[in-house]
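Geometric and topological summary
Now for the letters of each chain:
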Amino acid sequence: MASAGLSYVPNNPNSPWQMYLLQVDRVAPHLGHLERWVETLKRCKRVLAVDIPINRDDGTVAHFEGFRAQHNMSRGPGKGGVRFHPDVTIDEVMALAGWMTVKNAALNLPYGGAKGGIRVDPKTLTRPELERLTRRYTSEIGLIIGPDKDIPAPDVNTNDQIMAWMMDTYSMNTGATATGVVTGKPIALGGSLGRKEATGRGVYIAARETARAMGFDIAGARIVVQGFGNVGGIAARLFKAAGASVIGLQDASGSVANEAGIDVDAALDFVAAGGALVDFKGVTKISEGEFWALKSDIFVPAALENQLTETRARSIATKLVVEGANGPTTPAADDILHDRGIKVVPDVIANAGGVTVSYFEWVQDFSSFFWTESEINDRLERIMVEALKAVVHTAEKNNVSLRTAAFIIACTRVLAARELRGLYP
Ligand code: GLU
């Protein structure tokens, strides 16, 4: 893997940061007097790039590039995940941090936005190497994270074990056990019930509510899901449990379909046991082109950015797109979907269930008092439904897309806080 220098991709119109900037441009005219502060949203408050050298098991030393971007902290400490992926760049991490600012404000969580990542394919590392990588990264960004500064969480290819190592490393360096420094931890370490399922559950709630408003029921709906990990896999399971037919799935191993509906639980067990989705019995392997042409009622992109491109937006055969991933739809594709009458529930609402239960976890850690799973799921349900309602109302009032409406609500909150705090010095 070539990894010389900072992986910043300036002036690339399809870069996630450029996508994010275009989305901010679209909200600016709707911000009233707060528009004078909009430049604040077009830059990151702070971005840290770190070198992460580790000892490989074979005795050699390898270097990796890591980042933590803190986009905005006007409303509270930074909050957002950490991803381990070979395509991580400083540009991507900045965009993901910007989307966290918007997401946290749209849900009215008392956080700013942040994101981190390491440019690495974790599958190429042994478990001890992965632990050393995680610990060194945590130590390097230790200067700027903390329970009241910036609170990382899982994202693509990171999980509760990685959060446990991060929490331990931070705690060892500061000399006190600080469970609130990360969320998405194992339950035995101050993690929250329901956190693992929360992003997928939020996607399911957003889809169910929007489908109902559009006049169709989840029961009997045809669903296609791109991504079969912690977001897509859980969402697919909940869709199936609600009586929907999951007719197409895609993960890194390829695309599969079954017109009669995929047995999602069995597929999840198969993949959890180490099988590749494409080898699962009861599905037909299909091509990438066939996957994007599947006829569905709801399409859930739950993998990476830049998946719903202009070409795919022109031909996708669905009524409703619910963004489980961050940044899956390009702004140009957004316009095409809008013109074709395909509704899009944007990432900053659709996948906000994860960070919402992260917030519950952080509150539980601070108070050292833990809630039951049904209390957590009930509160998540209520917050998601209310946030969605407010977005739909704002969209109708301003005659804009759900994405611009979510940005109007969120950016108004961020910039109102920014204005009240004023400029220092
Ligand atoms: N990585 C998740 C997201 O993109 C969760 C972030 C968090 O819980 O802080 O929203």
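Residues numbered from 1 in each chain as written. Predicted model: local features only at pLDDT ≥ 70, side-chain atom pairs only at ≥ 80, totals over all residues. Heavy atoms only, no water.

A few points about the pattern of salt bridges
- One pass over the structure, following the stated rule, counts 28 salt bridges.
- For Lys42, the salt bridge is made with Asp25, and the minimal N-O distance between the two is 2.7 Å. One end of the pair, Lys42, is in the loop between α1 (16-27) and β1 (46-55); the other, Asp25, is in helix α1, and 17 residues separate them in sequence.
- For Asp25, a relative accessible area of 39% puts it in the partly exposed group.
- For Asp297, the salt bridge identified is with Lys319, shortest N-O distance 3.0 Å. A residue pair is termed long-range when its members are at least 10 positions apart, and Asp297 in the loop between α8 (288-293) and β11 (298-301) and Lys319 in the loop between α9 (310-315) and β12 (320-322) qualify at 22 residues.
- Take Asp297: its relative accessible area is 13%, and that puts it in the buried class.
- Because the salt bridges share partners, they merge into one network encompassing Arg83, Glu92, Lys115, Asp155 and Glu305. (Salt bridge = Lys/Arg side-chain N within 4 Å of Asp/Glu carboxyl O. Helix = DSSP H or I, 4+ residues; strand = E, 2+ residues; numbered from the N terminus. Buried < 20%, exposed > 50% of the residue type's maximum accessible area, 1.4 Å probe, protein only.)

Let's talk about the packing of helix α3 (residues 127-140) against helix α4 (residues 160-174)
- Relative orientation of the contacting elements α3 and α4 amounts to 45°, with a least axis distance of 9 Å. Between α3 and α4, the angle is such that the two are oblique. Between α3 and α4 lies a crossing whose hand is right-handed. For the pair α3 and α4, contact is made by Arg127, Leu130, Glu131, Thr134, Arg135, Tyr137, Thr138 and Ser139 and by Gln161, Ile162, Trp165, Met166, Asp168, Thr169, Tyr170 and Asn173, respectively.
- Residues that form the contact of α3 with α4 fall into these classes: 6 nonpolar, 6 polar and 4 charged. (Axes fitted to C-alpha atoms, helices over the stretch in contact; angles between N-to-C directions. Parallel < 35°, antiparallel > 145°, perpendicular 65-115°, else oblique. Left-handed = near helix turned anticlockwise from the far one by under 90°. Contact = heavy atoms within 4.5 Å. Nonpolar A, V, L, I, M, F, W, Y, C, P; charged D, E, K, R; others polar.)

Points about the site of the ligand
- As a structural note, the neighbourhood of the ligand is formed by 14 residues, with Lys79, Lys103, Lys115, Asp155 and Ser358 the closest of them.
- One of the side-chain nitrogen or oxygen atoms of Asp155 is found 2.7 Å away from a nitrogen atom of the ligand.
- Surface burial for the ligand is 96%, taken as the share of its 300 Å² of free accessible area covered by protein chains.
- Of all the secondary-structure elements, those providing two or more residues to the shell around the ligand are α2 (90-106) and α12 (353-367).
- No other element matches α12, which puts 3 residues into the shell around the ligand. (Near = heavy atom within 4 Å. Polar contact = N/O pair within 3.5 Å; in protein donor to acceptor, adjacent residues only side chain to side chain. Areas by Shrake-Rupley, 256 points an atom, 1.4 Å probe, with all protein chains shown as cover.)

Describing the sheet that holds strand β10 (residues 284-286)
- The strand order across the open sheet formed by 7 strands is β10-β9-β8-β7-β11-β12-β13, and the pairing between neighbours is mixed. Single-partner strands in this sheet number two, and they are β10 and β13 (343-345). Neighbour to neighbour, the strand axes of the sheet diverge by 20° on average, direction disregarded.
- Pairing geometry for β11 and β12, over 2 bridges, is parallel. Looking at β12, one finds that Phe299 is bridged to Val321.
- Strands β11, β12 and β13 of the sheet are contacted by helix α5 (residues 195-214), whose axis makes an angle of about 160° with β12.
- Helix-sheet contacts for helix α6 (residues 232-241) involve β7 (222-226), β8 (245-251) and β11, and the interaxial angle to β8 is about 170°. (Pairing = 2+ DSSP bridges.)

Thoughts on the confidence of the model for the protein
- Residues at a pLDDT of 70 or more form 97% of the protein, whose mean pLDDT is 96.
- Long-range and interchain partners of residues 1-5, a stretch whose pLDDT sits below 50, account for 8 contacts in this model, where long-range means more than four residues apart. (pLDDT = per-residue confidence, 0-100.)

Some remarks on the environment of Leu320
- For Leu320, the position within the fold is in strand β12.
- On the basis of relative accessible area, Leu320 is assigned to the buried category, the value being 0%.
- Distance from Leu320 to Leu22, taken between C-alpha atoms, is 22 Å for residues 298 residues apart in sequence.

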